[in-house]
Protein chains: 2
Amino acid sequence: MPAGNPIRKRIVIIGGGFAGINAAMGLAKLPVDITLIDRKNHHTFQPLLYQVALAVLSPAEIAQPIRSIVRKYQNIEVLMDQAVGFDLDRRRVELETGALLEYDFLILATGSTHSYFGRDDWAKLAPGLKSIEDATEIRRRVLLAFEFAERQMQEAGTHPPLKFVIIGGGPTGVELAGAISDIARLYMASDFRHINPADAEVLILEGSPNILAAYPPDLRQKAAQQLAGLGVTIRTNAHVSDIQPGYVMIGDERIDSTVTLWAAGVQASPLGKLLGVPLDRRGCVIVDQFLNPPGHPEVYVCGDLAHVEENGIQIPGVAQPAMQMGTYAAKRISRLVARDFGSEGTGVNQPFHYFDKGDMATIGRKAAVANIKWPFHGRWSGFPAWIVWLFIHVFFLIGFRSRLAVFRQWAWTYLTFQDGARLITGSQELPGWDARYGMQDGSPIVHPAPPIEQTAGTAVTGT
Amino acid sequence: MPAGNPIRKRIVIIGGGFAGINAAMGLAKLPVDITLIDRKNHHTFQPLLYQVALAVLSPAEIAQPIRSIVRKYQNIEVLMDQAVGFDLDRRRVELETGALLEYDFLILATGSTHSYFGRDDWAKLAPGLKSIEDATEIRRRVLLAFEFAERQMQEAGTHPPLKFVIIGGGPTGVELAGAISDIARLYMASDFRHINPADAEVLILEGSPNILAAYPPDLRQKAAQQLAGLGVTIRTNAHVSDIQPGYVMIGDERIDSTVTLWAAGVQASPLGKLLGVPLDRRGCVIVDQFLNPPGHPEVYVCGDLAHVEENGIQIPGVAQPAMQMGTYAAKRISRLVARDFGSEGTGVNQPFHYFDKGDMATIGRKAAVANIKWPFHGRWSGFPAWIVWLFIHVFFLIGFRSRLAVFRQWAWTYLTFQDGARLITGSQELPGWDARYGMQDGSPIVHPAPPIEQTAGTAVTGT
């Protein structure tokens, strides 16, 4: 090592979500060595996951391999691995493979996961929406439900109502509900011959008195109106007591459900626990104004995993603060490193500040609610809010190609109702759906089935 | 039913591949009722599957929901179901759900599946390439192999050679080999910090004396040269006697293999057997010049499932003849129906004739071999053949959007080496790969790991 140079710092970043990627990008040009670890090989643009779940976009359009994102920075290495333990005193991360990775700075940003409130058996019956795998699983179930109903109708002449029950009325629940209503009413309208997809019911079950609890009351009400316009039913103060194949219980009341989706609760990634520092009730790591847990100025916790308060209010676990925390951690570390290299260390003591630009949620194909706080204050709803939502989301997508591809795909789907992403892959089972529904008494049903609906002018129908 | 009109015929088509879709489209404008049955909800453009397997294209770019393809024809209904039996005398198909579907004409086009020559236990160790699920599974394994090698290198300082073994040297094997070599040498070149992806070995094991046995000898030789140029090793007369996690046996010789792929044998879909008519050795239904099995002029067998001979030579099981058979069956049925409606029945006795336009296979990113028979005779190889291959394949993709999307994606990938389709989804296990390779003696490896390779001008590396 040439004399007079400070030691090159090793920075380990765990988690390739918004916080981790922004931290890595913010550190990339420093004379440091960065190891970015994620269990997956791709960064997922979570705000658009529901569009993959509802077959509007393809996985590759909203997920980017992490290696591609950081490819041009030779000092960033990407490791597809899992952390399984921390030794904060010796500054080491233990990986699943048994290896120990040393660091000078650790950035932990492993986000959050679904919380089934202790009922982990519900996970299979009501998938949530956190990963590409979750999204394609939801897509599979929703599309299969229509296929099975058509099959049943064709073979038995009748089918039980198609009912999509979404547990949780936050932004994800609202977006899923709007999107399901859209595909049922619009995109699938001419795909089936026996069922009418528009007859599908969509129900949101929300435990609290309001959907979109984080939004101002007038926007909540607008959202409820817009959802009603799409035929979505909302039940508030509805506490789900059980989930079974084919139905959901609210107390003693049974609600039939063809496909049940979970958008109700999240909890912090279990890695927070392994740090051995104080956590909040949901498992988030309580950090100070520099995003450090107590006594560990070399450890930064960012994104959904961090419990950060400003003026006594906890910063929400959404994309914006995650990006800002990642960027902040990178900036603070870069100042500390610069100080090692002889700079004055200006700004080293500047705390994290969340710059809240507002929130928005889409409601179907052409409406949204937006509570905008920057660059102006305003509450928007309906089509203008949707347009704003569209441009902001395309703008923040990582990767120029993805941005173009998503925009093109949206325009195409919007204008034509055509959709190549509507693929069912994997298993052809649906919990609670008996594949042999046509044979209650063991005797097969013999056709002729109900005749295919004819357009005017075509010839007669016979046996 | 108005008097004087003949009875409206019911046509059941089983299989939504090239033959089935072409048959349905050919019949769509007739006064008939068509039921198109497939286990999957999508038609797959099989000639491009290997590009999904090697992460160049996304599944949605080469698969189209069958409902979308036939959406505008009100007399076609699509059923996502499986046939499990036939009653040819009573003209009925039994479906998995137990229902019986009556028909006047049956078109059976369920294609072929992998044949592991009685060793079905090999299927998990060496996936073949027939479906979107197969393609994403191969993609997962190939990409994971590089990830694991990088991890191992980063943690242990060494990794066993990456070796991709492809069993079978037909067009699929050659295309897979060329594409793996490409992504290793070109597309992944700057993605990793510790391994050099270009060091990966690609090996084709072919049981017969030649790869591409169906091609003229000079083209075979050109193909072998082009593969050698890509660093692909070819072993002919190599009979695989066993496949195990991590290796393949040829007689007593053990060949290490990180990822083994199967491109060796196909057999007819098992549905052929259920017809109760004569089959050939591979399970294909032996049909006459009208594509009918003996004694059943109302049953048409098309595509890979059909054994059709012309001048004593069997027509190969590839896309072109499948499309032509589907179209032929539709045309013949339409003539029979027209005769019922009072036409003279011209052409009813015209037999099927395969119009062979030639064959082609790509070899990596810019070479191919093409044995063209129409619109001119010619044997092409190298870049010109690749350009011809490209346009023909884009042209035959079903769906205007897919054509554009694939073309754009190719152009983008070709020019930039960027690729958003390189996603690993699903399990993170690889057969034969021990996740805890770093702990042979139980003691974890402690870093510092080998330093990240530095670009010139960045600062020194320390602890």
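Small disclaimer: the values here were computed from a predicted structure and weren't measured. (Residues numbered from 1 in each chain as written. Chains lettered and ligands numbered in written order. Predicted model: local features only at pLDDT ≥ 70, side-chain atom pairs only at ≥ 80, totals over all residues. Heavy atoms only, no water.)

(A) Just the overall build of chain A, in detail. Regarding its fold elements, chain A presents 11 helices and 26 strands. Contacts in chain A between residues far apart in sequence, at least 24 positions, make up 65% of those at least 6 positions apart. When the accessible surface of chain A is split by element, carbon and sulfur atoms take 54% of a total near 18400 Å². (Helix = DSSP H or I, 4+ residues; strand = E, 2+ residues; numbered from the N terminus. Contact = heavy atoms within 4.5 Å. Areas by Shrake-Rupley, 256 points an atom, 1.4 Å probe, with all protein chains shown as cover.)

(B) Main features of the sheet that holds strand 5 (residues 76-80) of chain B. All names here are of chain B. The 5 strands are arranged 5-2-1-9-20 in an open sheet whose pairing can be described as parallel. Each having just a single partner strand, strand 5 and strand 20 (299-301) make up the two edges of the open sheet. Neighbour-to-neighbour, the strand axes of the sheet open up by a mean angle of 15 degrees, direction not taken into account. With 5 bridges connecting them, strand 2 (residues 33-38) and strand 5 associate as parallel partners. Its bridge partner being in strand 5, Leu36 is matched across the sheet by Val78. Contacting strand 1 (10-14), strand 9 (105-108) and strand 20, helix 9 (residues 319-340) runs over the sheet at an angle of about 175 degrees to strand 9. (Pairing = 2+ DSSP bridges. Axes fitted to C-alpha atoms, helices over the stretch in contact; angles between N-to-C directions.)

(C) The UniProt feature "domain: FAD/NAD(P)-binding" (unreviewed entry) in chain A, seen in detail. Under the present numbering, the feature "domain: FAD/NAD(P)-binding" (unreviewed entry) in UniProt falls on residues 10-326 of chain A. Split by type, residues 10-326 of chain A is 29% helix and 27% strand. Its first and last C-alpha atoms lie 17 Å apart. (UniProt positions renumbered as here; feature names shortened; annotations may be inferred.)

(D) Inspection of helix 5 (residues 132-156) of chain A at higher detail. In a regular helix each residue adds 1.5 Å, so 25 residues correspond to 36 Å; helix 5 of chain A covers 35 Å between its end C-alpha atoms and thus fits that length. In terms of burial, helix 5 of chain A is largely enclosed, as 20 of its 25 residues are buried. (Expected span 1.5 Å × (residues − 1). Buried < 20%, exposed > 50% of the residue type's maximum accessible area, 1.4 Å probe, protein only.)

(E) Layout of the side chain of Arg332(A). All names here are of chain A. Within the fold, Arg332 resides in helix 9 (residues 319-340). For the buried Arg332, no salt bridge exists, and the shortest N-O distance to an oppositely charged side chain is 6.3 Å, to Asp288. Here Arg332 is in contact with Phe290, Asn292, Tyr300, Val348 and Asn349, once residues within four sequence places are set aside. (Lys, Arg positive; Asp, Glu negative; His and termini not counted. Salt bridge = Lys/Arg side-chain N within 4 Å of Asp/Glu carboxyl O.)

(F) Main features of the packing of helix 1 (residues 18-27) of chain B against helix 9 of chain B. Residue and element names in this part refer to chain B. Between helix 1 and helix 9, the shortest axis-to-axis distance is 7 Å and the interhelical angle comes to 30 degrees. Overall, the two elements helix 1 and helix 9 adopt an arrangement that is roughly parallel. Relative to helix 9, helix 1 is oriented so that their crossing is right-handed. Contact residues: Phe18, Ala19, Asn22, Ala23, Gly26 and Leu27 in helix 1; Ala319, Ala322, Met323, Gly326, Thr327, Ala330, Ile333 and Ser334 in helix 9. (Parallel < 35°, antiparallel > 145°, perpendicular 65-115°, else oblique. Left-handed = near helix turned anticlockwise from the far one by under 90°.)

(G) Representation of the sheet that holds strand 11 (residues 163-167) of chain B. Residues and elements named next belong to chain B. Judged by pairing direction, the sheet is parallel, and its 4 strands sit side by side in the order 13-12-11-17 without closing on themselves. Among the strands making up the open sheet, the edge pair consists of strand 13 (232-235) and strand 17 (259-262). Shown here is a sheet whose adjacent strand axes are inclined to one another by a mean of 20 degrees, direction ignored. Summarising the sheet, strand 11 and strand 12 (residues 201-205) pair through 5 bridges and their orientation is parallel. Across the sheet, the residue bridging to Lys163 is Glu201, located in strand 12. Helix 5 (residues 132-156) rests against strand 11 and strand 17 of the sheet, and its axis sits at about 160 degrees to strand 17.

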